[in-house]
Protein chains: 2
Amino acid sequence: MNFTVAINVMPLKDLLDPQGKAVLGGLQNLGLKSVQDVRIGKRITLQVEAANEQEAKKIAEEAATKLLANQVMEHFEISILQ
Amino acid sequence: MNFTVAINVMPLKDLLDPQGKAVLGGLQNLGLKSVQDVRIGKRITLQVEAANEQEAKKIAEEAATKLLANQVMEHFEISILQ
């Protein structure tokens, strides 16, 4: 079966996110003063051929650990979309 | 009230995603042959001060439309995290 798996890779809470800070400044310049913090990460969707959801998640986890996320600076979460 | 709003910005389905193609190649070199397609976008989380969820979503939508997403090449979706 074919699964669509989403991996969200976000900077760790304790780390600075300069890209997010820059966007926050941009939003405030646009008049969106009620935005108080911005953090920017990646969202990766994979099409995975797997026997079941567990296996699809396991493959996505391997992809995230080995290639997509740098776990020193980022954390990731995985969800099955369909 | 303070809301955490997530905005997922992904390349449109009909467009090529060279970054995704490169990552797909990388995953296959790592032995993850069951991954068939990869698309890479952005995930942005905002801390928004708003009276209710509707208002928080509206602010996020304005942020996405005006700054975060290029709607010629990308589509976005918004969700409230808490």
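Presented here is a report on the structure given in the accompanying data block.

Cut-off values and rules
- Residues numbered from 1 in each chain as written.
- Chains lettered and ligands numbered in written order.
- Predicted model: local features only at pLDDT ≥ 70, side-chain atom pairs only at ≥ 80, totals over all residues.
- Heavy atoms only, no water.
- Helix = DSSP H or I, 4+ residues; strand = E, 2+ residues; numbered from the N terminus.
- Buried < 20%, exposed > 50% of the residue type's maximum accessible area, 1.4 Å probe, protein only.
- Contact = heavy atoms within 4.5 Å.
- Lys, Arg positive; Asp, Glu negative; His and termini not counted.
- Charge placed at Lys NZ, Arg CZ, Asp CG, Glu CD.
- Patch = residues over 30% accessible without salt bridge, like charges linked within 9 Å, V, L, I, M, F, W, Y side chains within 5 Å.
- Areas by Shrake-Rupley, 256 points an atom, 1.4 Å probe, with all protein chains shown as cover.
- Salt bridge = Lys/Arg side-chain N within 4 Å of Asp/Glu carboxyl O.
- Least-squares fit on C-alpha atoms with pLDDT ≥ 70 in both.
- Polar contact = N/O pair within 3.5 Å; in protein donor to acceptor, adjacent residues only side chain to side chain.
- Pairing = 2+ DSSP bridges.

Attention now goes to the overall build of chain A. When you go through chain A residue by residue, the secondary structure sums to two helices and three strands. Projected onto its principal axes, the C-alpha positions of chain A cover 50 × 25 × 15 Å. Split into buried and exposed, the 82 residues of chain A put 44% on the buried side. Taking contacts inside chain A between residues at least 6 apart in sequence as the whole, the part at least 24 apart equals 71%. Counting 9 positive and 10 negative side-chain charges, chain A places the averaged centre of each group 7 Å from the other.

Our focus in this paragraph is a nonpolar patch on the surface. A contiguous nonpolar surface patch, about 280 Å² in accessible area, is contributed by Leu15(A), Val72(A) and Met73(A). Within the element layout of this structure, Val72(A) appears in the loop between helix H2 (53-68) and strand E3 (74-80).

Glancing now at the relation of the copies chain B and chain A. When chain B is fitted to chain A, the residual RMSD is 0.0 Å, and the transformation amounts to a turn of 180° plus an axial shift of 0.0 Å. Taken together, the rotation and translation describe the operation of a two-fold axis. Among all residues of chain B, the minimum C-alpha distance to the rotation axis is found for Lys42(B), at 2.2 Å. Comparing contact sets, 100% of the residues at the interface of chain B also lie at the interface in chain A, consistent with an isologous, same-surface contact.

With 31 residues of chain B in contact, the opposing surface of chain A contributes 31 residues. Linking chain B with chain A are zero salt bridges. At the junction of chain B with chain A, the criterion picks out twelve residue pairs in polar contact (both at pLDDT 80 or more). Elements supplying a minimum of two residues to the side of chain B that touches chain A: strand E1 (2-11), helix H1 (18-29), strand E2 (35-49) and helix H2 (53-68) of chain B. Of the residues forming the side of chain B that touches chain A, the biggest block, 15 residues, is contributed by E2(B).

Turning our attention to the pairing of strand E2 (residues 35-49) of chain A. Direction of pairing for strand E1 (residues 2-11) of chain A relative to E2(A): antiparallel, over a ladder of eight bridges. Residue Phe3(A) lies in a different strand from E2(A), and its bridge partner there is Val48(A). Pairing between E2(A) and E2(B): 13 bridges, direction antiparallel. Bridging from a neighbouring strand, Val48(A) pairs with Val35(B) of E2(B).

Turning to its location among the elements, Thr45(B) is positioned in strand E2. Apart from the residues within four sequence positions on either side, Thr45(B) is in contact with Met10(A), Asp37(A), Val38(A), Arg39(A), Val5(B), Ala6(B) and Leu81(B).

The next subject is the side chain of Asn8(B). Along the chain, Asn8(B) turns up in strand E1. A residue is classified by how much of its surface remains accessible, and Asn8(B), at 5% relative accessible area, is buried. Engagement of the side chain of Asn8(B) in a polar contact is seen with the side chain of Arg43(B), the distance being 2.9 Å. When residues no more than four places from it in sequence are discounted, the contact partners of Asn8(B) are Arg43(A), Lys42(B), Arg43(B), His75(B), Phe76(B) and Glu77(B).

Remember that the coordinates give geometry; whether it matters functionally is a separate question.
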